[in-house]
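One-letter residues, chain by chain:
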Amino acid sequence: MQTDLLREARRQAEICNACRYCEGYCSVFPALHQERFFSEANLTQLANLCHNCRGCYYACQYTAPHEFDLNLPKALAEVRQDSWESFAWPAPLARRFQKSGVMIALATVLGFGVLFLAFRMLGSAGGSGFYAVLSHSAMVAIFLPAFLFPLLSIAVSLRRYWTATEGGRITRDQIVDAFASAAKMKNLAGGHGDGCNFEDEDRFSQARRFAHQAVMYGFLLCFASTTAGTILHYGFDMPAPYPFWSLPKLLGIPGGLLMVIGTIWLASLKLKADKSLGAPSAWGGEMGFILLLFLVALSGLGLYALGGTTAMPALLAIHLGSVLSFFLLTPYTKMVHGFYRLAALVRDEQRKSAG
């Protein structure tokens, strides 16, 4: 990891540790105030525990023009981003996506979309519905490796993170408490429960918390929809397409709507927010990730609405291209931040247990 980023984060953490005004703001400060010396392991853990709500910055009396020039949200965001790039496997791909995330997302979606559309132009796959464009066996052959690769990549990355932060043996209670915190987005509610100051320094808001929840629960519903379809196909010999009142549709449609609403909401909040309080170099990658999720959800809903029309092959190509791009780019997009944040929450539970 970059020593200059760690050095600046250490300087600011030491000042915060002496002040202690923000002790109740989020999980970062109790963990920070427990330390006397900030090692690379400490700073990496604190950076990934931080949810960049920015409440501490607006409450701080030592921000510019004070000579201390504190900007802890930015310092931790830069260490956090550097840690993701350092722990990523393979690492060069992560750095490339952070620099040109929107362009890479659009290029991969369009590239894969054109490829899938070309399959259709070469002739029918012989099935019905979606499988007339691309056979079921071809979809499995393409998407199964694309699904397994990010799981392997993320597993390697998290292993590196856990080693770097000196994590120990994980207990069931630590996992339960970490998942409970993630499910409620506790650290986006602020220590007072009124939310954070992400998009407006003078106003506490729950908007970022709710937008994240919309995306998270929408994604989980869509994943459950795909899982239900897989079980119906292989377990009950009931291949797609499925009617509206089937489990895949009842899970997938609200999931897709939540993802569309949540991604638009997150993008609007990021456009309002002060870029100088985050990692400026990661802004393009973050927006590229939001764009990918939006395209996956919107194209999926479009397929449901227009799946019986002549627009279906083009929509399916865009949807499959979006999903394939999402899978392959997941280890390098901000999608991986959810895994790191969850690992940081588990590690924080270990700190509490040890204390």
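The residue numbers shown here count from 1 along each chain, following its written sequence. For a predicted model such as this one, the threshold for reporting local features is a pLDDT of at least 70, and the threshold for listing and counting side-chain atom pairs is 80 or more; totals across whole chains, interfaces and linings nevertheless cover every residue. Processing note: side-chain calculations cover all non-hydrogen atoms of the structure and skip hydrogens and water entirely.

Engineer: Any details on the pattern of salt bridges? Residues and values, ideally.
Structural biologist: A pair is scored as a salt bridge if a Lys or Arg side-chain nitrogen falls within 4 Å of a carboxyl oxygen belonging to Asp or Glu. Per the counting criterion, the structure on display carries six salt bridges. A salt bridge links Lys270 to Glu286; the nearest nitrogen and oxygen atoms lie 2.5 Å apart. Residue Lys270 is located in helix 11 (residues 247–272), and its partner Glu286 is located in helix 12 (residues 283–306); the two are separated by 16 residues in the primary sequence. As far as burial versus exposure is concerned, Lys270 and Glu286 are alike and both buried. Across the pair Glu349 and Lys352 runs a salt bridge, and its minimum N-O distance is 3.4 Å. In this pair, Glu349 and Lys352 both sit in helix 14 (residues 337–354), three residues apart, roughly one turn of the helix. Overlapping salt bridges, with partners in common, bring together Asp348, Glu349, Arg351 and Lys352 in one network. Secondary structure counts use DSSP, requiring at least four H or I residues in a row for a helix and at least two E residues in a row for a strand, with both numbered from the N terminus. We call a residue buried when its accessible area falls under 20% of the maximum for its residue type, exposed when it is over 50%, and partly exposed in between, using a 1.4 Å probe and counting protein chains only.

Engineer: Describe a nonpolar patch on the surface, naming the residues involved and giving the relevant values.
Structural biologist: The patches described consist of residues with a relative accessible area above 30% and no salt bridge, like charges being joined within 9 Å and nonpolar side chains (Val, Leu, Ile, Met, Phe, Trp, Tyr) within 5 Å. In short, Shrake-Rupley with a 1.4 Å probe defines the accessible areas, and a residue's cover is counted only from the protein chains shown. On the surface, Val140, Leu144, Leu148, Leu151 and Tyr234 cluster together to form a nonpolar patch covering roughly 470 Å² of accessible area. Sorting elements by how many residues they give to the nonpolar patch places helix 8 (residues 136–164) first, with four residues. Tracing the backbone shows Leu148 in helix 8. The partly exposed category is assigned to Leu148, whose relative accessible area is 45%.

Engineer: I'd like a description of the packing of aromatic side chains, backed by residues and values.
Structural biologist: A ring pair, where both rings are aromatic, is described by two values, the distance of the centres and the angle of the planes. Only Phe, Tyr and Trp rings take part, Trp by its six-membered ring, and two of them pair if their centres are within 6.5 Å. Stacked means planes under 30 degrees apart, edge-to-face means over 60, and tilted covers everything else. All chains considered together, the criterion is met by 11 aromatic pairs. Residues Tyr62 and Phe68 carry aromatic rings whose centres are separated by 5.2 Å and whose planes lie at 50° to one another, so their mutual orientation is tilted. Accessibility expressed as a relative area gives 21% for Tyr62, which makes it partly exposed. Connected via pairs of aromatic rings, a cluster forms that spans Trp84, Phe87, Tyr161 and Tyr340.

Engineer: Which residues make up helix 9 (residues 172–184), and what values go with them?
Structural biologist: Since the α-helix packs 3.6 residues into each turn, any two residues three or four apart lie on the same face. For a helix, the expected span equals 1.5 Å multiplied by the residue count minus one. A rise of 1.5 Å per residue sets the reference length of helix 9, with its 13 residues, at 18 Å; its end C-alpha atoms lie 19 Å apart and thus fit the reference within 8%. Along helix 9, the positions that sit buried rather than exposed are Gln174, Ala178 and Ser181. Viewed end-on, helix 9 has its buried residues packed into an arc of 60°, placing them on one side of the element. Against the buried residues of helix 9 lie helix 14. One or two positions beyond helix 9, positive phi appears at Met185, with a value near 50°. This arc is taken over the directions from the axis of the helix to the C-beta atoms. Note on contacts: a residue pair is in contact if any heavy atoms of the two residues lie within 4.5 Å.

Engineer: If you had to explain the packing of helix 11 against helix 12 to someone new, which residues and values would you point to?
Structural biologist: Each axis is a line fitted through C-alpha atoms, taken for helices only over the stretch in contact, and angles between the N-to-C directions span 0 to 180 degrees. Closest axis-to-axis distance for the helix 11/helix 12 pair is 9 Å, and the angle between their directions is 150°. Taken together, the axis directions place helix 11 and helix 12 in an arrangement best described as roughly antiparallel. Crossing handedness for the pair helix 11 and helix 12: left-handed. Facing Lys249, Ile253, Gly256, Leu257, Met259, Val260, Thr263, Ile264, Leu266, Ala267, Lys270 and Leu271 of helix 11, the residues of helix 12 in contact are Trp283, Glu286, Met287, Ile290, Leu293, Phe294, Ala297, Leu298, Leu301 and Tyr304. When describing relative orientation, an angle under 35 degrees is termed roughly parallel and one over 145 degrees roughly antiparallel, while 65 to 115 degrees is termed roughly perpendicular and anything else oblique. Take the far helix as the reference: if the near one is turned anticlockwise from it by less than a right angle, the crossing is left-handed, and if turned clockwise, right-handed.

Engineer: Please give an account of the nonpolar core that cites residues and values.
Structural biologist: Ranked by internal contacts, the top residues of the largest apolar core, which has 38 residues, are Val28 and Phe29. Looking at this core, the elements that each hand over two or more residues are helix 1 (3–19), helix 2 (28–33), helix 3 (40–49), helix 5 (72–87), helix 8 and helix 14. Leaving out residues up to four positions away in the same chain, Phe29 has contacts with Cys22, Glu23, Cys56 and Leu72. The next biggest cluster of nonpolar side chains, apart from the first, holds 33 residues, and it includes Cys196, Ile290, Leu316 and Leu324. Take the buried Ala, Val, Leu, Ile, Met, Phe, Trp, Tyr and Cys residues and link them wherever side-chain atoms come within 4.5 Å; each set so joined is a nonpolar core.

Engineer: Before we move on, could you go through the side chain of Thr63 and cite the residues and values that matter?
Structural biologist: Structurally, Thr63 can be placed in the loop between helix 4 (55–59) and helix 5. With a relative accessible area of 14%, Thr63 lands in the buried category.

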